[in-house]
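Breakdown of the fold
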Amino acid sequence: MDDVRALVSRVTAYHPNADVALIERAWEVAKSAHDGQKRKSGEAYFTHPVSVANLLVDLRLDTASLCAALLHDVAEDTTIGIDEIEKLFGQEVAFLVDGVTKLATFSFTSKEDRAAESFRKMLVHMARDIRVLLVKLADRLDNMRTLEHMKIDSQERIARETLDIYAPLANRLGISWMKAELEDLAFKYLEPEAYRDLEEKVSHTENERKDHIVRTVKVLSDRLNSAGFACEIQGRAKHLVSIWRKMRSQDCEYEKVYDVVAFRAVVESVADCYAALGVIHGTYTPIPGRFKDYIALPKPNLYQSLHTTVLGPDKQRMEIQIRTREMHRVAELGIAAHWKYKERVKSKDDDHGGLIDPKDARSFQWLRQLMDWQKELKDPQEFLESVKVDLFQDEVYVFTPNGDVRVFPRGATPIDFAYAIHSTLGDHCMGARVNGAIVPLRHHLRSGDVVEIMSDPNRHPTKDWIEWALTARAKSKIRFFLRTEERERSLRLGKELLERHLHKYSISYNRALKTGSMAKAVEDAKLQSVEELLIQVGYGKYDISKVLDSLVPADQREKPPAQLRESIVERVTRKVTGRDVGGILVSGESNVLVRFAKCCSAVPGDEIVGFITHGRGVSVHRRSCEKAMDLDPERRVEISWESGAKVSRMVCLRIITANRPGILAEVGTTFSQNGVNIQEANCRAGDDRATNLFSFMINDLNALKTVIRALQKVKGVLAVERV
């Protein structure tokens, strides 16, 4: 019980009215339920929920959150279910646990679909109560801290998911330290060689960096104190991913990245923030265009500070943040800084458990909006990809003609702006005026732009718009419009095909409708309506000969016209004799006409999905391919690799290296040692780094991963990624 007393002691230090008995009961139930279970590291499994609970104590969360942290794996990994948790701990704790628990009772076609649907479930719960996400973030952080005990493939998958989803979520909730640690841990497993190389270089300059911090802190403290400010100056090294991104964006080595140290001035009031800025600019020369005012224009996660970059000692660039003590508390704790410990019964309609001031809670309505925008996205992977965009961390602040501020991900266009205002405006936008000048729809918006949308009722979305739009809302609306058009085209095509074939039997389509035989055809097809049947025929997903079986009397079907012997589906997915079809099974059938999409170069072992094309068979895409997400889900067919399939496919890798003599020879040797013959190479060198594209044939995903890992170990290789 000593450990639970330590946890309770930490909780009551900031929440004196916490329900200690409930926490102790959750501790005992979880400890007993996980008894005998081990983690991959060999430790007792119960150490994990205890670590998650302590992370939530760092965020100063409430009793229900801590109980959920202790119990979050009980429903998934033990015999105790959600119903029993509700009986023991109440509806509030049970709701939080259920929100964090993965989906376990549904059948999915891939690990990616399962992960995406689990995330969708969590998003639904956290839109109602933000604490679900806070528990999940703490859970993910503790798992990332112990990821070295997992298999390499699992490490890469979990690290990628962390970098794409959970670190941006921590950022959107304003928990800066958690976001930084999640990013660094993901970086460690996604780019192991680059991580080790950068970590070594940073450690070598640690003493020099500490001296620089001490000297600069003293100068800033002396200047601000002498100007009459009561302030606290802090200096810290930026986290590794931040430095790594600077190296890549500036195309340089670590030694050429100068602003690796950031300083923070914490003052008493907002007025002091602006006055302190003047003192700092009087001490060090400011860099033009590097000032950001997040006090006047707070970030969506409520973060506020002044940011400026100056030429510090030795003419090195350094970033300085200026904020009040309350702003600093919000920056460290994020949404948890707004917690109110109210002892009251929560109604079913309360958002965030009724624990956040309504004024602050409104700033997190992006969660609710995110869910609203995803309702049209039925495909799990499309949903997950769109969420990644909406969590994009770099933002631009633009204005409507009325002066209202709108926040978008960096790279957003007038299309995103139009759909953010209204769906109808988006569907009919034809261009925009940005700062009074007419710009095309693909124009990238910048902070400070004043945007006015020009519309035309005769203008409609095209496929190009998907490439130009960035936000999930805009993309989903464009896809919805295009798929509706595709559906209407398929309805017309299906009806034309059926009428043409019925005519050969001297049967009227309209008569078939009136007599009810079409209703029988719909019933035989196990569909909901005549319209749905015609659409399926038009798409090529339902065999027209089966429709004719339901509509044409048996005596007339004894000698069908020759042209009816082959259905549209058979023409689309025609069996080919004596032809290499790439080891693909379409709905369990081999020797089906397929073609590999050039946009994503699937290789055996990749998760794949197929789409019926008109006249060209089934198009094969990697399940994560963005192009595949633009295609209509109605045309999707489930496909898989044949057992032991060995199909050579062209793959391209982008390899970023240091620009030093001999590095290309070492990379080439590594390819050769792994049995790979380079088909094409494109190399572009900068001052310090080189970007190289290598194309080659490979016949197995595991072989490709082996090549990538071998390349990552080459000294001077900074990053390897599949293009």
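Residues numbered from 1 in each chain as written. Predicted model: local features only at pLDDT ≥ 70, side-chain atom pairs only at ≥ 80, totals over all residues. Heavy atoms only, no water.

1. Here we look at the overall build of the protein chain
Selection rule: Here a helix means four or more residues in a row that DSSP labels H or I, a strand means two or more in a row labelled E, and each is numbered from the N terminus. Throughout this description, buried means an accessible area under 20% of the type-specific maximum (1.4 Å probe, protein chains only), exposed means over 50%, and partly exposed covers the range between. Accessible surface is estimated by sampling points in the Shrake-Rupley manner with a 1.4 Å probe; for residues, cover comes only from the protein chains shown.
Check the secondary structure of the protein chain and you find 32 helices and 21 strands. Relative to its 723 residues, the protein chain shows a buried fraction of 52%. Surface accessibility of the protein chain: about 34000 Å² in total, with carbon and sulfur atoms responsible for 48%.

2. So, the sheet that holds strand E15 (residues 618-622)
Keep this limit in mind: A pair of strands is labelled paired if DSSP reports no fewer than 2 bridges between them.
Across the sheet, which stays open at both edges, the 4 strands sit in the order E13-E15-E14-E16 with mixed pairing between neighbours. Looking at which strands have only one partner, the edges of the open sheet turn out to be strand E13 (594-596) and strand E16 (636-637). When strand E14 (residues 608-612) meets E15, the two strands line up antiparallel, connected through 5 bridges. Residue isoleucine 608 lies in a different strand from E15, and its bridge partner there is arginine 622.

3. Describing the pattern of salt bridges
Let me state the cut-off plainly: Any carboxyl oxygen of Asp or Glu within 4 Å of a side-chain nitrogen of Lys or Arg constitutes a salt bridge here.
Scanning all chains against the criterion turns up 25 salt bridges. Salt-bridge contacts for arginine 145 lead to glutamate 181; the nearest nitrogen and oxygen are separated by 2.7 Å. Of this pair, arginine 145 sits in helix H9 (residues 131-145) while glutamate 181 sits in helix H11 (residues 176-190), and the two are 36 residues apart along the sequence. Judged by its relative accessible area of 25%, glutamate 181 is partly exposed. The residue lysine 705 makes a salt bridge to aspartate 153 at a minimum N-O spacing of 3.5 Å. Of this pair, lysine 705 sits in helix H32 (residues 701-712) while aspartate 153 sits in helix H10 (residues 152-172), placing them 552 residues apart in sequence. Judged by its relative accessible area of 34%, aspartate 153 falls in the partly exposed class. Here the salt bridges do not stand alone but share partners, grouping Asp153, Glu156, Lys705 and Arg709 into one network.

4. Quick look at the environment of proline 192
The criterion, for reference: Between two residues, a contact is recorded if the distance between any of their heavy atoms is within 4.5 Å.
Tracing the chain through its elements places proline 192 in helix H12 (residues 192-204). The spacing of proline 192 and leucine 718 is 526 residues in sequence and 9.3 Å in space, taken between C-alpha atoms. Beyond its immediate sequence surroundings of up to four residues, proline 192 is in contact with Phe187 and Gln712.

5. Topic: the state of the cysteines
So the rule is basically this: To count as a disulfide, a pair of cysteine sulfur atoms needs to be within 2.5 Å.
Per the stated rule, a full pass over the model turns up 0 disulfides. Cysteine cysteine 625 remains unbridged, with the sulfur of cysteine 599 as its closest cysteine sulfur at 3.5 Å. Given the relative accessible area of 7%, cysteine 625 is considered buried.

6. Some details on the side chain of serine 476
Considering the arrangement of structural elements, one finds serine 476 in helix H23 (residues 472-504). Overall, serine 476 belongs to the buried group, its relative accessible area being 3%.

7. Examining the environment of threonine 283
This is how it is decided: What qualifies as a polar contact is a pair of N or O atoms within 3.5 Å, subject to a donor-acceptor requirement within protein and to the restriction that residues adjacent in sequence count only when both atoms come from side chains.
By secondary structure assignment, the location of threonine 283 is in helix H15 (residues 270-283). Taking the C-alpha atoms as reference points, threonine 283 and valine 310, 27 residues apart in sequence, are found 9.3 Å from one another. There is a polar contact of 2.9 Å between the side chain of threonine 283 and the backbone oxygen of valine 279.

8. Here's the deal with the packing of aromatic side chains
To keep things clear, this is the line we draw: For Phe, Tyr and Trp, where Trp contributes only its six-membered ring, two rings pair if their centres lie within 6.5 Å, and the inter-plane angle classes them as stacked under 30 degrees, edge-to-face over 60, or tilted in between. In this scheme, Lys NZ or Arg CZ marks a charge over a ring once it lies within 6 Å of the ring centre and within 35 degrees of the ring normal.
Under the definition given, this model contains 9 aromatic pairs. On the numbers, 5.2 Å between centres and 90° between planes, the contact of tryptophan 27 with phenylalanine 46 is edge-to-face. Of this pair, tryptophan 27 sits in helix H2 (residues 20-33) while phenylalanine 46 sits in the loop between H2 and helix H3 (47-58), placing them 19 residues apart in sequence. For the pair tryptophan 27 and phenylalanine 46, a shared accessibility class is recorded, and that class is buried. The cationic tip of lysine 299 hangs over the ring face of tyrosine 294; the distance from NZ or CZ to the ring centre is 4.9 Å. It is lysine 299 that lies over the ring of tyrosine 303; its NZ or CZ is 5.3 Å from the centre.

9. As for the pairing of E14
With 5 of 5 residues buried, E14 lies mostly within the body of the structure. Judged by which residues are buried, E14 turns out to be covered on both faces: Ile608, Gly610 and Ile612 on one side and Val609 and Phe611 on the other are all buried. Of the strand pairs in this sheet, E14 and E16 are connected by 2 bridges, and their pairing is antiparallel. Pairing of glycine 610 across the sheet is with valine 637, part of E16.

10. A look at unusual backbone geometry
Unusually for a residue other than glycine, arginine 60 sits at a positive phi of about 60°. Inspection of the secondary structure assignment puts arginine 60 in the loop between H3 and helix H4 (63-71). Of the residues examined, arginine 60 reaches a relative accessible area of 39% and is grouped as partly exposed. With phi around 55°, asparagine 435 is a residue other than glycine that occupies positive phi space. Following the sequence through the fold, asparagine 435 ends up in the loop between strand E9 (429-434) and strand E10 (437-439).

11. Remarks on the confidence of the model for the protein chain
Detailed reading of the predicted model is not advised wherever pLDDT is low. Applicable threshold: On a range of 0 to 100, pLDDT expresses the predictor's confidence in each residue.
Per-residue confidence for the protein chain gives a mean pLDDT of 81, with 82% of residues at or over 70. Taken as a whole, residues 562-581 scores under 50 in pLDDT and shows 40 contacts with residues more than four places along the chain or in a different chain.

12. Quick look at the nonpolar core
For clarity, the threshold we go by: By nonpolar core we mean a set of buried residues, namely Ala, Val, Leu, Ile, Met, Phe, Trp, Tyr and Cys, connected to one another through side-chain atoms within 4.5 Å.
Ranked by size, the top nonpolar core spans 70 residues in total, and within it Leu56, Leu59, Leu70, Leu71, Ile85, Leu137 and Leu182 carry the most contacts. Considering every element that reaches this core, the biggest residue donor is H9, with 8 residues. Apart from residues no more than four positions distant in its own chain, leucine 182 is found in contact with Leu137, Arg140, Leu141, Met144, Thr162, Tyr166, Ala167 and Ala170. Counting residues in hydrophobic clusters, the runner-up holds 40 residues, among them Val217, Met247, Cys273 and Ala719.

13. Quick notes on the sheet that holds E9
Backbone hydrogen bonds hold the strands of a sheet together, and the pairing may be parallel or antiparallel. To be explicit about the condition: Here an axis means a line fitted to C-alpha atoms, over the contact stretch when the element is a helix, while the angle between two N-to-C directions is reported on a 0 to 180 degree scale.
Spatially, E10-E9-E11 is the arrangement adopted by the 3 strands of the open sheet, whose pairing is antiparallel. Each edge of the open sheet carries a strand with a single partner, namely E10 and strand E11 (451-455). With strand direction ignored, the average angle separating the axes of adjacent strands in the sheet is 35°. Across 3 bridges, E9 lies against E10 in antiparallel orientation. Counted as the bridge partner of alanine 432 is valine 439 from E10. Sheet strands touched by helix H20 (residues 414-421): E9, E10 and E11. Its angle to E11, the strand with the most contacts, is close to 85°.

14. Quick word on the pairing of strand E6 (residues 317-324)
Among the 8 residues that make up E6, 7 are buried, leaving the element largely enclosed by the rest of the structure. As paired elements, strand E5 (residues 306-311) and E6 share 6 bridges and run antiparallel to each other. Bridging across to E6, leucine 306 finds its partner in isoleucine 322. Adjacent in sequence and paired antiparallel, E5 and E6 are bridged by 5 residues, among which aspartate 314 carries a positive phi angle near 60°.

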